Amino acid sequence: MPGQAERGSGPLIVWFRDDLRLADHPALAAAAAAGRPVICLYLLDEASPGLRLLGGAARWWLAGSLRALAEALRGRGGELTLRRGAAADAVAALATETKASALFMNRRDDPAGAAIDRAVTARLGADGTEVKSFAANLLHDPNALRTGSGRPFQVFTPFWRQLRGGSPPRAPLPAPSRIAGASGVATDALADWHLEPTRPDWAADMRATWVRGEPGAQRDLEVFLAHGLKGYAAQRDRPDLPHTSRLSPRLRFGELSPYQVWHACMHAADAGRAARTDVEKLLSELGWREFCYHLLHQQPALATVNFNRRFDAFPWRQDGAARAAWQQGRTGYPLVDAGMRQLWATGWMHNRVRMVAASFLIKHLLIDWRAGEQWFWDTLVDADVASNPANWQWVAGCGADAAPYFRIFNPVLQSEKFDPGGDYVRRFVPELGRLDASSVHAPERAPPLALSAAGVTLGASYPAPIVAHEEGRRRALAALATIKSAER
Ligand SMILES: Cc1cc2nc3c(=O)[nH]c(=O)nc-3n(C[C@H](O)[C@H](O)[C@H](O)COP(=O)(O)OP(=O)(O)OC[C@H]3O[C@@H](n4cnc5c(N)ncnc54)[C@H](O)[C@@H]3O)c2cc1C
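The following paragraphs examine the structure supplied in this document. (Residues numbered from 1 in each chain as written. Predicted model: local features only at pLDDT ≥ 70, side-chain atom pairs only at ≥ 80, totals over all residues. Heavy atoms only, no water.)

A look at the site of the ligand
(1) Moving on: For the ligand, the set of nearby residues contains 28 residues, the closest of which are Tyr 232, Thr 244, Ser 245, Arg 246 and Asn 351.
(2) Moving on: Within the side chain of Asn 391, an N or O atom sits 3.0 Å from a nitrogen atom of the ligand.
(3) Moving on: Burial of the ligand by the surrounding chains reaches 96%, relative to a free accessible area of 820 Å².
(4) Moving on: A molecule is said to occupy a pocket when more than half its atoms come within 2 Å of that pocket's grid points, and by this definition the ligand occupies the largest pocket.
(5) Moving on: Broken down by secondary-structure element, the contributors of at least two residues to the shell around the ligand are helix 10 (248-252), helix 12 (276-298), helix 15 (351-364) and helix 17 (387-396).
(6) Moving on: With six residues, the top contributor of residues to the shell around the ligand is helix 12.
(7) Moving on: A per-class count over the shell around the ligand returns 15 nonpolar, seven polar and six charged. (Near = heavy atom within 4 Å. Polar contact = N/O pair within 3.5 Å; in protein donor to acceptor, adjacent residues only side chain to side chain. Areas by Shrake-Rupley, 256 points an atom, 1.4 Å probe, with all protein chains shown as cover. 1 Å grid on protein atoms, 1.4 Å probe; cavity = no way out; pocket = protein on both sides within 12 Å on 5 of 7 lines; lining within 4 Å. Sits in = over half its atoms within 2 Å of the grid points. Helix = DSSP H or I, 4+ residues; strand = E, 2+ residues; numbered from the N terminus. Nonpolar A, V, L, I, M, F, W, Y, C, P; charged D, E, K, R; others polar.)

Structure below.
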């Protein structure tokens with residue numbers, strides 16, 4: 001093992017995780033400024049305890065984002081080193097092998113990742129390797145904000161008031177213009193990790209939808225600022241319109257930081273290119289992302305344990321056929337089906353439709369929210385350890401500050417209200433493509449002539465509703481009553 005003095009002049013390791021970017025990357029900026037060779041590491045860790053393994057869509061995204069990162073680093077003199085293994089062993093092994101003097105990383109904000117980082121820090125510290133970590137991926141420290149009585153927040157509005165009312169987030173950092181690469185460091189080949197599907201290759205629509213990696217993220221942000229942000233507050237619930245940012249996978253993988261999004265939006269408002277109401281609404285959505293991490297710190301098992309333990313006694317149904325119909329977008333409710341098919345095809349679903357589709361599974365079908373959460377985890381490109389379970393619990397009514405369980409979305413009314421012309425439904429449910437706006441939200445109510453003219457045969461080309469709305473609603477309220485009466 002090299003001695004302390006020998007290590008003191010060794011290269012620096014920058015360990016990339018959910019921060020696959022060069023701009024506004026405090027760990028990389030600090031390492032590049034130190035003027036020493038930098039080893040840029042990405043570690044595929046499927047072995048450390050407590051980490052949730054990536055789902056299929058997220059693995060696909062990761063592959064593209066890593067390719068883009070490697071190319072961007074190469075353009076500035078650096079090299080991406082890929083390794084695989086449990087973090088504590090693999091990072092320590094790399095540090096020893098390269099005689100690294102220090103490890104720089106941006107802080108992980110989920111409890112499991114943070115615990116692994118503490119173990120790595122202790123291990124490297126014992127070997128005399130310095131470790132520095134930086135805040136980069138959240139606007140707040142999830143353990144810092146507290147209510148007046150010193151407790152973590154469980155309600156969004158006061159949480160957001162405190163976060164928004166505090167000092168403004170720091171300005172984003174530029175990407176380093178030059179990174180002194182360290183030569184001769186062995187790396188895995190990305191292709192050997194088999195992150196992308198081959199047989200069958202289910203990712204064709206995803207490739208057509210997204211350009212993964214930081215340059216694509218920056219372009220998406222610019223497009224949103226130029227075209228989507230104007231009208232965001234009023235139109236963000238419309239899945240048929242391009243008024244949300246679609247930045248969620250960018251933030252999930254850290255191709256953009258929330259600091260960059262925040263300041264870009266504020267700048268647009270200051271320059272008169274965006275209305276304050278639109279910008280404030282967008283910032284508050286970033287606030288929800290922060291709040292989900294705040295909740296995850298209060299309940300690290302957020303994906304499996306009801307935040308409100310009263311729901312532990314909820315009488316969920318086992319219904320494999322209904323669950324499969326939901327997954328495949330064959331429930332007979334066009335808005336739910338459009339959303340589930342958008343998810344399968346593109347790895348993303350509009351927020352309003354996520355709420356309606358999740359509510360349908362939980363309330364109309366009485367299927368445990370955890371089954372839906374797991375399906376989203378496997379199929380979303382933005383699948384996030386905090387946002388996914390927190391939102392599922394919110395819809396299920398068992399989360400902190402949740403929507404009340406008894407508020408049950410009517411999927412037909414939601415469709416009429418938020419996709420008034422039916423364009424979104426027609427895009428993702430092509431067998432309903434020739435139905436007009438008066439029939440497309442509820443084909444079972446359409447006149448037979450309209451159906452036959454549009455080539456729709458209910459029960460054959462498109463399913464009849466797998467449960468009638470009123471029946472589903474009655475059953476859901478009866479199920480809720482059982483846990484209410486169990487309390488007495
Ligand atoms: C059942 C369900 C599951 C969800 N799972 C995820 C998930 O795994 N990952 C994820 O990033 N979001 C999740 N969301 C939240 C939300 O649907 C997505 O963040 C949003 O649709 C992303 O689209 P956008 O980037 O266009 O959002 P915009 O409206 O443009 O919002 C900007 C950013 O704010 C954040 N944001 C917006 N709404 C929320 C929210 N409700 N909770 C947390 N962050 C939010 C996202 O980072 C988003 O990119 C889920 C919502 C529901 C109802």
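On we go.
Details of the nonpolar core
(1) Moving on: Counting residues in hydrophobic clusters, the biggest one holds 54 residues, and the most contacted among them are Trp 326, Met 340 and Phe 376.
(2) Moving on: Broken down by secondary-structure element, the contributors of at least two residues to this core are helix 13 (320-328), helix 14 (334-346), helix 15, helix 16 (369-379), helix 17, helix 19 (423-428) and helix 21 (469-487).
(3) Moving on: Discounting chain neighbours no more than four positions away, the residues touching Trp 326 are Thr 331, Val 336, Met 340, Ala 357, Phe 360, Leu 361, Leu 365, Gly 372, Trp 375, Phe 376 and Trp 392. (Core = buried A, V, L, I, M, F, W, Y, C linked by side-chain atoms within 4.5 Å. Buried < 20%, exposed > 50% of the residue type's maximum accessible area, 1.4 Å probe, protein only. Contact = heavy atoms within 4.5 Å.)

Quick look at unusual backbone geometry
(1) Moving on: Pro 200 follows Arg 199 through a cis peptide bond whose omega is 0°.
(2) Moving on: Relative to the helices and strands, Pro 200 is located in the loop between helix 6 (156-165) and helix 7 (204-209).
(3) Moving on: Although it is not a glycine, Asp 24 sits at a positive phi angle of roughly 50°.
(4) Moving on: Tracing the chain through its elements places Asp 24 in the loop between strand 1 (12-16) and helix 2 (26-33).

Observations regarding empty space enclosed by the protein
(1) Moving on: On inspection of all chains with the given rule, the structure shows two cavities of 30 Å³ or more.
(2) Moving on: By volume, the largest cavity is sized at about 50 Å³.
(3) Moving on: Lining of the largest cavity is provided by Trp 288, Phe 291, Cys 292, Leu 295, Ala 390, Asn 391, Trp 394 and Ala 400.
(4) Moving on: Of all the secondary structure elements, the ones that give two or more residues to the lining of the largest cavity are helix 12 and helix 17.
(5) Moving on: Of the residues forming the lining of the largest cavity, the biggest block, four residues, is contributed by helix 12.
(6) Moving on: Each residue belonging to the lining of the largest cavity can be placed in one class, and the counts come to seven nonpolar, one polar and no charged.
(7) Moving on: Empty space within the second largest cavity amounts to approximately 40 Å³.
(8) Moving on: Lining the second largest cavity are Leu 295, Leu 302, Phe 307, Ala 390, Gln 393, Trp 394, Gly 399 and Ala 400. (Points joined across faces, edges and corners; volume = space filled by probe spheres on them.)

Regarding the layout of surface pockets
One water molecule sets the probe size; rolling that probe over the atoms shows where empty space is left.
(1) Moving on: Taken as a whole, the largest pocket holds about 1000 Å³ of empty space.
(2) Moving on: Forming the walls of the largest pocket are 36 residues, and the residues nearest its centre are Arg 236, Glu 285, Trp 288, Asn 351 and Asn 391.
(3) Moving on: When contributions to the lining of the largest pocket are tallied by element, the ones reaching two or more residues are helix 10, helix 12, helix 15 and helix 17.
(4) Moving on: The greatest single-element share of the lining of the largest pocket, amounting to seven residues, is contributed by helix 12.
(5) Moving on: Here the lining of the largest pocket is built from residues that sort into 17 nonpolar, eight polar and 11 charged.
(6) Moving on: A domain split of the lining of the largest pocket shows at least three residues from each of domain 2 (138-171 + 212-298) and domain 3 (309-481).
(7) Moving on: By volume, the second largest pocket is sized at about 870 Å³.
(8) Moving on: Taken together, 40 residues line the second largest pocket, and the ones lying closest to its centre are Asp 18, Leu 51, Arg 52, Asp 110 and Val 385.
(9) Moving on: Residue assignment for the lining of the second largest pocket shows that the elements contributing at least two residues are strand 1, strand 2 (38-44), helix 3 (56-75), helix 5 (111-126), helix 10, helix 12 and helix 16.
(10) Moving on: By residue number, the principal contributor to the lining of the second largest pocket is helix 16, which donates four residues.
(11) Moving on: In terms of residue class, the lining of the second largest pocket is built from 22 nonpolar, four polar and 14 charged. (Domains from an automatic or database assignment.)

Examining the environment of Val 155
(1) Moving on: Counting through the fold element by element, Val 155 comes out in the loop between strand 5 (130-134) and helix 6.
(2) Moving on: Separated by 210 residues in the primary sequence, Val 155 and Leu 365 have C-alpha atoms spaced 28 Å apart.
(3) Moving on: When residues no more than four places from it in sequence are discounted, the contact partners of Val 155 are Phe 291 and Asp 401.

Notes on the packing of aromatic side chains
(1) Moving on: If you walk through the whole model with that rule in mind, you get 24 aromatic pairs.
(2) Moving on: Geometrically, the ring pair formed by Trp 60 and Trp 61 is edge-to-face, given 6.1 Å between the ring centres and 80° between the ring planes. Grouping residues by exposure puts Trp 60 and Trp 61 together as buried.
(3) Moving on: Ring plane angle 50° and centroid distance 6.1 Å describe the contact between Phe 311 and Tyr 405, whose orientation is recorded as tilted. In this pair, Phe 311 is assigned in the loop between helix 12 and helix 13 and Tyr 405 in the loop between helix 17 and helix 18 (411-418), connecting sequence segments 94 residues apart. Both residues of the pair, Phe 311 and Tyr 405, count as buried.
(4) Moving on: A connected cluster of aromatic rings, assembled from ring pairs, spans Phe 153, Phe 156, Phe 159, Trp 160, Trp 262, Trp 288 and Phe 291.
(5) Moving on: For the cation-ring pair, Arg 170 lies above Tyr 259, with the distance from its terminal atom to the ring centre recorded as 3.9 Å. (Phe/Tyr/Trp six-rings, centres within 6.5 Å; stacked < 30°, edge-to-face > 60°. Lys NZ or Arg CZ within 6 Å of the ring centre and 35° of its normal.)

Observations concerning the packing of helix 4 (residues 87-98) against helix 5
(1) Moving on: At a closest axis distance of 9 Å, the pairing of helix 4 and helix 5 adopts a crossing angle of 35°. Handedness of the crossing formed by helix 4 with helix 5: right-handed. The residues of helix 5 that touch helix 4, namely those facing Ala 87, Ala 88, Asp 89, Val 91, Ala 92 and Ala 95, are Ile 116, Val 120, Arg 123 and Leu 124.
(2) Moving on: In terms of residue class, the contact of helix 4 with helix 5 is built from eight nonpolar, no polar and two charged. (Axes fitted to C-alpha atoms, helices over the stretch in contact; angles between N-to-C directions. Left-handed = near helix turned anticlockwise from the far one by under 90°.)

Side note on the side chain of Thr 346
(1) Moving on: For Thr 346, the position within the fold is in helix 14.
(2) Moving on: A polar atom in the side chain of Thr 346 sits 2.8 Å from the backbone oxygen of Gln 342.
(3) Moving on: Excluding residues that lie within four positions of it along the chain, Thr 346 makes contacts with Met 206, Thr 209, Trp 210 and Val 381.

Digging into helix 2
(1) Moving on: By the burial criterion, the buried members of helix 2 are Pro 26, Ala 27, Leu 28 and Ala 31.
(2) Moving on: Buried-residue contacts for helix 2 involve strand 1, strand 2, strand 4 (102-106) and strand 5.
(3) Moving on: Following helix 2 by one or two positions, Gly 35 adopts a phi angle in the positive range, close to 75°.

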